[in-house]
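Summary of structural features
The lines below spell out each chain.
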Amino acid sequence: MAIEKIDGVMLSQMVLSGAHHLSNNAKKIDALNVFPVPDGDTGTNMNLSITSGANEVKKLDTSHASEVANAFAKGLLMGARGNSGVILSQIFRGFAKGMENKETLAIKDLAKAFDGGVATAYKAVMKPVEGTILTVAKDSGKKAMNIADQHTDIIEFMEEVLKEAKASLKRTPDLLPVLKEVGVVDSGGQGLVTIYEGFLASLKGEELPEDDASNVNMDEMVNAEHHKVTQDFMDTSEIVFGYCTEFMVKFEDDKLKQNPFNEDDFRNELSELGDSLLVVSDDEIVKVHVHSETPGTCMNLGQRYGSLINMKIENMREQHTAIVGDKKKPKEKTEFAIVTVAMGSGLKTLFESLGVTVVIEGGQTMNPSTQDITEAINQTNARNVIVLPNNKNILMAAEQAAEIAEVNVRVVPTKTIPQGISAVLSFHPDVDIDKNKAVMEEASLQVKTGQITYAVRDTQIDGLPIEKGSFMGLNEGKIVNTNKDQLESAKSLIEKLVTEEDELLTILYGEDVDESEVDKLTAFIEDNYDLEVEVHDGKQPIYSYIFSVE
């Protein structure tokens, strides 16, 4: 049956279907990330972002389409993580603006909404790159506008939009050579196509195939939920649901006969008992993570379907107090504050020793959301706040947080930890915020960054063959060497980083690096280079070494 108009109820169903389909495919999208470093988080970031938007939609009881779109856009905005999540939030921000005050949507309204999303997203990106999610949104949005007068059935219209989105996605390797070299399509574009697939399935009343839960690792999503309650800018009293509850249920046939299992129904039941809810299942088990005040009740619901296994309950209030203490917010506003992002207790301590007010726990595989950064800004209780993202994938979320902040905020676009440290060292409390931003940005550009990490898959980048498990040296983000030996990879990277003009090399070593290896590396530098060497135990994950050269 043809659909000529959709209301808020139908739009809600489309949103939830798109979010659900993206969730099912997040790990596959992660795997499309071009570089073999352990940061393939596009799917995870988009999933966490759209889930935030979908949760806002679930709270509504309305048939007004514009109200649904606005709630979805608001949730996406606050939950946006990483560049892919921020761009996604901007696409649907423009989507919502394009249907402003519309109670129901005809094809022309939807076309205008898709086209509005493109304009808003492109405007939000300082230097738009073709061959990405932006291109897929643009091409499908243009198609929507071109065919709006040719259809009366929204299903047929959405089929054409999705067809063009898929065709655009296939073309992304032709626009970005690195995609062609690695043999993948753009991960962000794939995420948008996946959402549109969910939209169409909802309109058709179809169920999309579920991924095998054994292939879905909840660790990243659980870490992201825990990330929200381990920040030192939260008070322990602000934790509403105090028990982190994780368990699995092994299905039993006799119980399933009495209580047939439906993942969506089970998820909805658990959502009434807490937040930070994650549920995945296959034919044999269901895995659950939830923050609740009544963990026993959650488990009782699960027992209807089988036996409980792998149970874990933790008191998050006690954990939070142990980590950050019972900190009280300052009563008087300060003039300046600095907020930065870093992963690793050693790096956190280092930044705090340099005068940083709030260090948000996050980085390469755990991008803080717009809301995380906004809350950190508010916690500083300062009139002027400078934010240092220290990661190119956090920059857009930081800028988005600055836009909606109620105080004076400037973002210094630091892309690495060394850039962040250099920026902090150049801060001066006696000059205004704009002067500080300019000076700090200039200082950040005077430092060179090197990193040692490991490959998560076999690939080839810029003609350099890379084997899974080998160590890689990154010079300003570009992979310049690979070696089975971590120390040799580090030495080779330093040879490429250091020039005769350089005077200082700072070593920040990670959580899994043996101090004896650090000593050998330090000796190598001192024997071969006329440099001052500083060494800090950063305790960071992912990167065994971070080098700062200036």
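Reference entry: report on the structure contained in this document. (Residues numbered from 1 in each chain as written. Predicted model: local features only at pLDDT ≥ 70, side-chain atom pairs only at ≥ 80, totals over all residues. Heavy atoms only, no water.)

1. Digging into the overall build of the protein
- For the protein, the count of helices and strands is 21 helices and 16 strands.
- For the protein, whose C-alpha radius of gyration is 24 Å, the value lies close to the compact-globule estimate of 24 Å for 550 residues.
- Summarising its shape, the C-alpha atoms of the protein cover approximately 75 × 55 × 55 Å along the three principal directions.
- Taken over 550 residues, the protein has a buried fraction of 55%. (Helix = DSSP H or I, 4+ residues; strand = E, 2+ residues; numbered from the N terminus. Rg over C-alpha atoms; globule rule 2.2 N^0.38 Å. Buried < 20%, exposed > 50% of the residue type's maximum accessible area, 1.4 Å probe, protein only.)

2. Some details on the nonpolar core
- Counting residues in hydrophobic clusters, the biggest one holds 92 residues, and the most contacted among them are I6, L11, F92, F157, Y196, I373 and V387.
- Ignoring any residue separated from it by four or fewer positions in sequence, one finds Y196 in contact with F92, F114, S140, M158, L162 and A165.
- Counting 21 residues, the second largest nonpolar core, distinct from the first, contains L497, V498, L521 and F524. (Core = buried A, V, L, I, M, F, W, Y, C linked by side-chain atoms within 4.5 Å. Contact = heavy atoms within 4.5 Å.)

3. Details of the pattern of salt bridges
- All told, the structure shown has 24 salt bridges when counted by the stated rule.
- The residue K491 makes a salt bridge to E488 at a minimum N-O spacing of 3.6 Å. With K491 and E488 both in helix α20 (residues 486-497), this residue pair falls 3 residues apart, about one helical turn.
- One salt-bridge network, in which partners are shared between bridges, spans D139, E164 and R171. (Salt bridge = Lys/Arg side-chain N within 4 Å of Asp/Glu carboxyl O.)

4. Looking at the environment of L76
- Locating L76 in the fold gives a position in helix α3 (residues 65-79).
- Overall, L76 belongs to the buried group, its relative accessible area being 0%.
- Put simply, L76 and S52 are 24 residues apart on the chain and 5.7 Å apart in space, counted from C-alpha to C-alpha.
- When sequence neighbours within four positions are dropped, the list of residues in contact with L76 reads S49, I50, S52, G53, L88, S89 and F92.

5. Quick notes on the packing of helix α4 (residues 82-97) against helix α17 (residues 395-404)
- Relative to each other, α4 and α17 sit at 50 degrees, their axes nearing to 7 Å. In terms of orientation, α4 lies oblique with respect to α17. Here N83, V86, I87, S89, Q90 and R93 of α4 lie close against α17, whose contacting residues are L395, M396, A397, Q400 and E403.
- Of the residues contributing to the contact of α4 with α17, the split by class is 5 nonpolar, 4 polar and 2 charged. (Axes fitted to C-alpha atoms, helices over the stretch in contact; angles between N-to-C directions. Parallel < 35°, antiparallel > 145°, perpendicular 65-115°, else oblique. Nonpolar A, V, L, I, M, F, W, Y, C, P; charged D, E, K, R; others polar.)

6. Brief notes about the sheet that holds strand β13 (residues 478-483)
- Read across the sheet, 6 strands follow the order β13-β12-β9-β16-β14-β15 without closing on themselves; strand pairing throughout is mixed. Edge positions in the sheet fall to β13 and β15 (532-537), since each of these pairs with one other strand and no more. Taking the axes of each pair of neighbouring strands and ignoring which way they run, one obtains an average angle of 20 degrees across the sheet.
- Here strand β9 (residues 448-454) pairs with strand β12 (residues 471-475) via 5 bridges, running antiparallel. (Pairing = 2+ DSSP bridges.)

7. Remarks on helix α16 (residues 370-380)
- Among the 11 residues that make up α16, 8 are buried, leaving the element largely enclosed by the rest of the structure.
- Those residues of α16 that sit buried are T370, D372, I373, T374, A376, I377, Q379 and T380.

8. So, a negative patch on the surface
- A surface patch of like charges, here negative, comprises E503, E532, E534 and E550.
- Secondary-structure assignment places E534 in strand β15. (Patch = residues over 30% accessible without salt bridge, like charges linked within 9 Å, V, L, I, M, F, W, Y side chains within 5 Å. Areas by Shrake-Rupley, 256 points an atom, 1.4 Å probe, with all protein chains shown as cover. Lys, Arg positive; Asp, Glu negative; His and termini not counted. Charge placed at Lys NZ, Arg CZ, Asp CG, Glu CD.)

9. Some remarks on the pairing of β15
- Where strand β14 (residues 504-509) meets β15, 6 bridges bridge the pair, whose relative direction is parallel. Bridge assignment links L504 to a residue of β15, and that residue is E532.

10. A short note on the side chain of Q400
- Within the secondary structure, Q400 sits in helix α17.
- A polar atom in the side chain of Q400 sits 3.5 Å from the side chain of S89.
- Excluding residues that lie within four positions of it along the chain, Q400 makes contacts with L77, A80, V86, S89, Q90 and T370. (Polar contact = N/O pair within 3.5 Å; in protein donor to acceptor, adjacent residues only side chain to side chain.)

11. Some details on the pairing of strand β2 (residues 274-281)
- The element β2 is largely enclosed, with a buried count of 6 among its 8 residues.
- Across 6 bridges, the pairing between β2 and strand β3 (residues 285-292) is antiparallel. Bridge assignment links D275 to a residue of β3, and that residue is H291.
- Hairpin connection of β2 to β3: 3 residues between the antiparallel strands.

12. Looking at the sheet that holds β3
- The antiparallel open sheet is built from 4 strands, whose spatial order is β2-β3-β1-β4. Looking at the sheet topology across the chains shown, the edges are occupied by β2 and β4 (306-315). Averaged over all neighbouring strand pairs, the angle between strand axes comes to 10 degrees, with direction disregarded.
- On top of the sheet, helix α12 (residues 263-271) reaches β2 and β3; it is set at about 160 degrees to β2, its chief contact.
- Packing of helix α13 (residues 295-303) onto the sheet brings it into contact with β1 (243-251), β3 and β4, and relative to β1 it is tilted by some 10 degrees.

13. Description of unusual backbone geometry
- With phi around 65 degrees, N101 is a residue other than glycine that occupies positive phi space.
- Among the structural elements, N101 can be located in the loop between α4 and α5 (107-124).
- Classification of N101 by relative accessible area gives exposed; the value is 67%.

14. Considering helix α19 (residues 433-444)
- With 12 residues, α19 should reach 16 Å at 1.5 Å per residue; the first-to-last C-alpha distance of 16 Å fits that figure.
- Here the buried face of α19 lies against β5 (334-342), β7 (382-388), β8 (408-411) and α18 (417-425).
- The residue sitting at the N-terminus of α19 and contributing the capping side-chain oxygen is D432; that oxygen lies 3.2 Å from the backbone nitrogen of D434. (Expected span 1.5 Å × (residues − 1).)

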